[in-house]
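A structural walkthrough
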Amino acid sequence: MKLPRRKFLHLAASAVVLPALSHVASAQAYPTRPVRIIVPFAAGGGSDVIARLVAQKLTESLGKQFYVENQVGAGGNLGMGNAAKAAPDGHTILFV
């Protein structure tokens, strides 16, 4: 397949500019404070054990505290409601 010259030049220019743009657009540091993981099921269950393992690995890899908070009741609706009411800053995670 033969590319037209104009298309080839656009692709070449994009390939040159792309690495420079990746240094300009850097992500903010996350998390900036401890992260709460809400588990709407009882402690000791399957979801709780997996959430605690995930929280431990995230704490080790990101360097900030991830902690599990079990909020049982109403078939999981209380925990889900509290997660929905939490501030939308990414420091509250619902684990279902």
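Residues numbered from 1 in each chain as written. Predicted model: local features only at pLDDT ≥ 70, side-chain atom pairs only at ≥ 80, totals over all residues. Heavy atoms only, no water.

Here the focus is the pairing of strand β1 (residues 35-39). The buried fraction of β1 amounts to five of the five residues, a majority that puts the element mostly inside the structure. In this sheet, strand β2 (residues 66-70) lies alongside β1 in parallel orientation, the contact comprising five bridges. When the bridges of β2 are listed, V39 appears paired with N70. In this view, the connection linking β1 to its parallel neighbour β2 by way of helix α2 (residues 46-62) has right-handed handedness. Direction of pairing for β1 relative to strand β3 (residues 92-94): parallel, over a ladder of three bridges. Across the sheet, I37 pairs through a bridge with I93, a residue of β3. (Buried < 20%, exposed > 50% of the residue type's maximum accessible area, 1.4 Å probe, protein only. Helix = DSSP H or I, 4+ residues; strand = E, 2+ residues; numbered from the N terminus. Pairing = 2+ DSSP bridges. Right-handed = clockwise from strand over helix to strand, strands pointing away.)

Let's shift gears to the pattern of salt bridges. If you walk through the whole model with that rule in mind, you get three salt bridges. As a salt-bridge pair, D89 and R33 come within 2.1 Å of each other at their nearest N and O atoms. Within this pair, whereas D89 is found in the loop between α3 (77-85) and β3, its partner R33 is found in the loop between α1 (5-24) and β1, the two being separated by 56 residues in sequence. Its relative accessible area of 33% is what places D89 among the partly exposed residues. Here R33 falls in the partly exposed class, since its relative accessible area comes to 39%. (Salt bridge = Lys/Arg side-chain N within 4 Å of Asp/Glu carboxyl O.)

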